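Chain by chain, the residues run as shown.
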Amino acid sequence: MTETIDPSYAGEGIYREFILDHYKNPRNTGTLPNASFSHKEFNPVCGDHITFTARVSDETIQEARFQGHGCAISQAAASLLSETLKGKTLEEIKTLQREHMLELLSIPIGPVRTKCAMLGLVALKKGIEEYEKNG
Amino acid sequence: MITTTSLGEKVKEDFPILQKPMNGKPLVYLDSSATSQRPRQVLEAMNLFYENKNANVHRGIYRLSEEATVAYEEAHTTVGAFIGAAMEETIFTKNTTESLNLLAYSLTKKLEKGDEIMLTQMEHHSNLVPWQQLAQERGLTVRFLPVSKDGELPQDLQLSNKTKIVSVTHMSNVLGTINPVKEIAKQAHDAGAVCVVDAAQSVPHFPVDVQALGVDFLAFSGHKMLGPTGIGVLYGKKHLLEGMDPFLYGGDMIREVTFEQTQFNDLPWKFEAGTPNIAEAVGLAAAVDYLKKLGMDKVFAHEQSLTQYAFERLEPLGVTIHGPPPGNRGGVLSFSVPGIHPHDLSTLLDQDGIAIRGGHHCAMPLMGVLGVTGTARASLYLYNTKDDIDRLAESIEKAKKVFNQDDAGQRPTSNGGRR
């Protein structure tokens, strides 16, 4: 049965098709052998979590993967982020902010759901922080 | 039946916030377990207090302060009587959490290393973390009674002569389970322990009488029972409260102070340090008057019939409702919709003007027992109607279409289904 859904409810809102696609078929998932760092980040509001794993050389991301459990926004955001990481320097990633994630998602995100959108980036940045601290 | 099902329609007009549209639709408020809405009668009582009687209590020797003191003390009497307690056994706190912190601090002070505190796996963080932390500090052991698949506790509490405190929720804020606290108190007393009850979800929804239940302590919040935020209650048996040390020290809780020592005030003031939330106490008393006028039996019957109806409407949608079946359970409906994360569901329902909660409901250990990271939760109160449940069901159906989950298949997570 194909019923049309009010576009203001879904199409124009948060749950656009490409978001649901990244949610259902997340890219770059799993872990990496010989990873340089791996960091698991929790969202205390809901208990959702994302672990970002990456291989680094010359202060540049060679490969990055993530795994976790969470809502469509957190998982799609991490998937979208994962596609942009290869070849980026650690310094570049450290400067990424909230605006970068909102740009990748290009959907309206309220203050509460912003935490979901940021979960993957926070995991990645904390992983880099630990990697640099441990030399 | 007609009278009980119409309670929601009858009282809805008393609640100004329920007349306001949300995202262009009439608001359906289904998060009363988190906090209830307040009727005009409560808001007016607080306003009248501020406009006519406002002064500090127990201090000024002038008429206004006397009037404020009378109003504040009468609030203790009104709220205490609502649960069968005397005025001196009715302590006002900030909320249930503060009441339970007071108990955890004060009761564990007299225990010895190796003594046990028995909790259950279905406790809210507020009836878990205070005991856990004080136990760590004071060398005590905390044990947890298991919760069955149906969300129920075992009949035998497995208490020992080391068990000194049994603290249990009267009604689970996740499962809706109503625990047999009368029987639990009996077992606690037989083992020589005191029985503490977290009544945050029970006192607002059905008749509670501390004398009939025989419990030693009982804690609840004003804001979940039509009252304002910032006011909560701790009931305790008089002889037990008298033997306990205060939790907070300062003004109003003293009888005489010298540079060397302090003599504490009488009950309940001994446990109410500092200027209290006076207008909020007056507001809570007004909430109690409102509930008494309706009758708690009627409130509960209304919620029971709505809960039954919610099961009928939601289960055919492939929704899993956690906790016991309708009958001896409250109107807290935690549920999972296959393939839709509770936060995504909350966002979609919000677009239809429906407010539900999504997440772990401050019961993270219980989520582990249920095998979920979170659930969606619709919680009912006296102002909800069958129409609210219909709107909820229709909106869940719409959300399922957005997520293409009509096949009810579980979405593969990015780590292959593990959490």
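Structure shown above.
Enquirer: Residue-level account of the pairing of strand β9 (residues 217-221) of chain B, with values.
Expert: All names here are of chain B. With five of its five residues buried, β9 lies for the most part within the structure. Residues F217, A219 and S221 point to one face of β9 and L218 and F220 to the other, with burial holding for every one of them. Pairing analysis gives three bridges linking strand β8 (residues 194-198) to β9, with the strands arranged parallel. The partner of V197 across the bridge, within β9, is L218. Across five bridges, β9 lies against strand β10 (residues 232-236) in antiparallel orientation. Within β10, the position partnered with L218 by the bridge is Y235.

Enquirer: Tell me about the sheet that holds strand β1 (residues 37-43) of chain A, and please be specific about residues and values.
Expert: Residues and elements named next belong to chain A. Read from one edge of the open sheet, three strands run β1-β2-β3, paired in antiparallel fashion. Whereas interior strands pair on both sides, the edge strands pair on one side only; in this sheet they are β1 and β3 (60-69). Strand-to-strand twist of the sheet, defined as the mean angle between neighbouring strand axes without regard to direction, takes the value 20°. Here helix α2 (residues 72-82) sits on the sheet in contact with β2 (48-57) and β3, set at roughly 10° to β2. The strands that helix α5 (residues 111-133) touches are β1 and β2; relative to β1, the one it contacts most, it runs at about 145°.

Enquirer: Help me get a handle on the sheet that holds strand β17 (residues 375-379) of chain B, residues and values and all.
Expert: Within a sheet, neighbouring strands are paired by backbone hydrogen bonds and run either parallel or antiparallel to one another. All names here are of chain B. Strand order in the open sheet formed by four strands is β13-β14-β17-β16, with antiparallel pairing between adjacent strands. Only two strands of the sheet have a single partner each, and these edge strands are β13 (320-321) and β16 (357-359). When strand β14 (residues 332-336) meets β17, the two strands line up antiparallel, connected through four bridges. Residue pairing across strands places V332 opposite S379, the latter belonging to β17. Packing of helix α12 (residues 342-350) onto the sheet brings it into contact with β14, β16 and β17, and relative to β16 it is tilted by some 160°.

Enquirer: So what's going on with the environment of S305(B)? Which residues, and what values?
Expert: All names here are of chain B. Relative to the assigned elements, S305 resides in helix α11 (residues 296-314). The class for S305 is buried, based on a relative accessible area of 14%. Sequence-wise, S305 and K386 are 81 residues apart; in three dimensions their C-alpha atoms are separated by 9.2 Å.

Enquirer: Account for the nonpolar core, with residues named and values stated.
Expert: Of all hydrophobic cores here, the largest spans 77 residues; its most connected members are L218(B) and L382(B). When residues in this core are grouped by element, the largest group, twelve residues, is from helix α10 (residues 278-294) of chain B. Leave out the neighbours within four places in its chain, and L218(B) touches I83(B), V197(B), A199(B), V203(B), V208(B), V210(B), V233(B), L234(B) and Y235(B). Grouped together as the second largest cluster of nonpolar side chains are 66 residues, I14(A), I61(A), C116(A) and L314(B) included.

Enquirer: Kindly report on the packing of α12(B) against helix α14 (residues 386-402) of chain B, identifying the contributing residues and their values.
Expert: All names here are of chain B. Where α12 meets α14, the closest approach of the two axes is 9 Å, and the angle between their N-to-C directions is 120°. Seen from above, α12 lies across α14 with right-handed handedness. Contacts between α12 and α14 pair L345, L348 and L349 from the former with L392, S395, I396, A399 and V402 from the latter.

Enquirer: Can you break down the packing of aromatic side chains residue by residue, with the values?
Expert: Residue and element names in this part refer to chain A. Overall, the coordinates contain 13 aromatic pairs over all chains when judged by the stated rule. Ring geometry for F37 against Y131: centres 6.0 Å apart, planes inclined by 45°, an arrangement best described as tilted. One end of the pair, F37, is in strand β1; the other, Y131, is in helix α5, with 94 residues separating them in the sequence. According to the relative accessible area criterion, F37 is buried, its value standing at 6%.

Enquirer: Describe the packing of α2(A) against helix α4 (residues 98-105) of chain A, and please don't skip the residues or the numbers.
Expert: All names here are of chain A. The geometry of α2 relative to α4 is characterised by a closest axis approach of 10 Å and an angle of 95° between their N-to-C directions. What the angle tells us is that α2 and α4 run roughly perpendicular. Contacts between α2 and α4 pair I73, A77, L80 and L81 from the former with H100, M101, L104 and L105 from the latter. Of the residues belonging to the contact of α2 with α4, the class tally is seven nonpolar, one polar and no charged.

How each quantity is defined
Residues numbered from 1 in each chain as written. Chains lettered and ligands numbered in written order. Predicted model: local features only at pLDDT ≥ 70, side-chain atom pairs only at ≥ 80, totals over all residues. Heavy atoms only, no water. Buried < 20%, exposed > 50% of the residue type's maximum accessible area, 1.4 Å probe, protein only. Helix = DSSP H or I, 4+ residues; strand = E, 2+ residues; numbered from the N terminus. Pairing = 2+ DSSP bridges. Axes fitted to C-alpha atoms, helices over the stretch in contact; angles between N-to-C directions. Contact = heavy atoms within 4.5 Å. Core = buried A, V, L, I, M, F, W, Y, C linked by side-chain atoms within 4.5 Å. Left-handed = near helix turned anticlockwise from the far one by under 90°. Phe/Tyr/Trp six-rings, centres within 6.5 Å; stacked < 30°, edge-to-face > 60°. Parallel < 35°, antiparallel > 145°, perpendicular 65-115°, else oblique. Nonpolar A, V, L, I, M, F, W, Y, C, P; charged D, E, K, R; others polar.

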